[in-house]
Amino acid sequence: MKIFKTIIFSLLGLILIGAIALTVFIATFDISDYKPRIIQELSSALSREVQIDQLRLDFKFDKGLTIVVKGLSIADDPSFSREKVVTADLIYLNMDILALIFHRQIAITKIEISSPRVHLVRNTEGLVNIQTLFAKNTGDNGIEEISGEKFSPVAGAVSTPARTNGVKAAIVIPRMLIHAVRIENGALTFVDESFEPSLIIPLRQIDFQAAHLSFEKPFPFEARALLWADQQNITVDGEIALDIKNNQVNLQKVKLGTDLSLLRLRTMPFYGVLKE
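Residues numbered from 1 in each chain as written. Predicted model: local features only at pLDDT ≥ 70, side-chain atom pairs only at ≥ 80, totals over all residues. Heavy atoms only, no water.

## Quick word on the overall build of the protein
Here's step 1: Within the protein, the regular secondary structure consists of four helices and 13 strands.
Here's step 2: Of all 276 residues assigned to the protein, the portion counted as buried reaches 33%.
Here's step 3: Pairs at least 24 apart in sequence give 46% of the contacts found in the protein among residues at least 6 apart.
Here's step 4: Carbon and sulfur atoms make up 59% of the accessible area of the protein, which totals about 17,700 Å². (Helix = DSSP H or I, 4+ residues; strand = E, 2+ residues; numbered from the N terminus. Buried < 20%, exposed > 50% of the residue type's maximum accessible area, 1.4 Å probe, protein only. Contact = heavy atoms within 4.5 Å. Areas by Shrake-Rupley, 256 points an atom, 1.4 Å probe, with all protein chains shown as cover.)

See the structure below:
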């Protein structure tokens, strides 16, 4: 019995030493040393200029390993605008370090994004600026060609054979587990240049959350936003299905709700027409 207790205490001591060593390693590891490489890889993958103000690695026993990204911005295609197509003040990536060590899986328990801003533009030809993301080369026919070389998979990857003749190749994405995504106080501006003058739709105070993200099956989401009002007046919920083979995102079982009583008609772009 005494020997058994000694073995148990020895094992607990080894676990404690390992935990302390891991904590010291993470505390002294400077992920910002890899920031230039990360920015370079992101810029190459997105075919856009990417900027990150700060990268930080945190570890807490109650939350696990967290990668903190401050001041992320992605430049727009200059043929559309000089704005940033995406910016985010803060991004928290909570990772399951045990899943990475023992199962070789990238398991992200939660992604939290604070105050992201998205600037979408549709030009007079009907092309939206985000459609040129991942475009490595553009042929004479105006169709983007996407390189099949992407991030190395950790435990397999979702991929399909590349297509030829200037048609988009499927994006290779590392297989990962993402349990939840939460966005707070987001903003999305959609500019449609096919109208004269351009139609601007400003969504503000966007709150979004999704759970059990998957590449193989639909997962639930819900969102709230403000449009031409003083408070959130739009609600959406349903399911998101990722079609990696065709590089598409499909919405299913969508329920859209809006409170028309909160609309401020004077802020709407076609108020003048309604007034007449």
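Having seen the model, we can carry on.
## Considering the environment of Ile-52
Here's step 1: Take Ile-52: it is sitting in strand 1 (residues 50-60).
Here's step 2: Judged by relative accessible area, Ile-52 falls into the buried class, the value being 8%.
Here's step 3: Each C-alpha atom of the pair Ile-52 and Lys-35 lies 7.7 Å from the other, and the pair is 17 residues apart in sequence.
Here's step 4: If sequence neighbours within four positions are ignored, Ile-52 has contacts with Lys-35, Ile-38, Ile-39, Leu-42, Val-69, Lys-70, Gly-71 and Leu-72.

## Overview of a nonpolar patch on the surface
Here's step 1: A cluster of nonpolar residues, Val-249, Leu-251, Val-254 and Leu-256, forms a patch on the protein surface that exposes about 400 Å² of accessible area.
Here's step 2: Residue classification places Val-249 among the exposed residues on the basis of a relative accessible area of 55%. (Patch = residues over 30% accessible without salt bridge, like charges linked within 9 Å, V, L, I, M, F, W, Y side chains within 5 Å. Salt bridge = Lys/Arg side-chain N within 4 Å of Asp/Glu carboxyl O.)

## Focus: the packing of aromatic side chains
Here's step 1: Per the stated rule, a full pass over the model turns up one aromatic pair.
Here's step 2: Look at Phe-208 and Phe-221: their rings are 6.0 Å apart centre to centre, the planes differ by 25 degrees, and that puts the pair in the stacked class. Here Phe-208, found in strand 10 (residues 199-213), pairs with Phe-221, found in strand 11 (residues 219-227); they are 13 residues apart in sequence, far enough to count as distant.
Here's step 3: Of the residues examined, Phe-221 reaches a relative accessible area of 9% and is grouped as buried. (Phe/Tyr/Trp six-rings, centres within 6.5 Å; stacked < 30°, edge-to-face > 60°.)

## So, the confidence of the model for the protein
Here's step 1: For the protein, per-residue confidence averages 76 on the pLDDT scale, and 66% of positions sit at 70 or higher.
Here's step 2: Confidence scores differ between elements of the protein, with strand 7 (residues 157-158) showing the lowest mean pLDDT of 39 and strand 11 the highest of 95.
Here's step 3: Low pLDDT, under 50, characterises residues 4-12; the predicted model gives this stretch zero contacts beyond four residues in sequence or across chains.
Here's step 4: Counting interchain partners and residues more than four positions distant, the pLDDT-below-50 stretch residues 137-174 has 75 contacts. (pLDDT = per-residue confidence, 0-100.)

## Here's the deal with unusual backbone geometry
Here's step 1: A cis amide bond, omega 0 degrees, links Glu-196 with the succeeding residue Pro-197.
Here's step 2: Relative to the elements of secondary structure, Pro-197 occurs in the loop between strand 9 (176-192) and strand 10.
Here's step 3: Positive phi is not limited to glycine here, since Asn-185 has a value of about 55 degrees.
Here's step 4: Looking at where Asn-185 falls in the secondary structure, it is placed in strand 9.
Here's step 5: Phi is positive for Lys-253, close to 50 degrees, though the residue is something other than glycine.
Here's step 6: Exposure remark for Lys-253: the relative accessible area of 63% places this residue in the exposed category.

## A word on the environment of Arg-56
Here's step 1: Within the element layout of this structure, Arg-56 appears in strand 1.
Here's step 2: For Arg-56 and Tyr-92, which are 36 residues apart along the polypeptide, the C-alpha to C-alpha distance reads 9.8 Å.
Here's step 3: Setting aside residues up to four positions removed in sequence, Arg-56 forms contacts with Ile-31, Thr-66, Ile-67, Val-68 and Lys-70.

## Topic: the side chain of Asn-123
Here's step 1: Within the element layout of this structure, Asn-123 appears in the loop between strand 4 (106-122) and strand 5 (137-138).
Here's step 2: Taking the relative accessible area as the measure of exposure, Asn-123 reaches 15% and is therefore buried.
Here's step 3: Engagement of the side chain of Asn-123 in a polar contact is seen with the backbone nitrogen of Glu-125, the distance being 3.0 Å.
Here's step 4: Setting aside its immediate chain neighbours within four residues, Asn-123 contacts Phe-80, Glu-193 and Ser-194. (Polar contact = N/O pair within 3.5 Å; in protein donor to acceptor, adjacent residues only side chain to side chain.)

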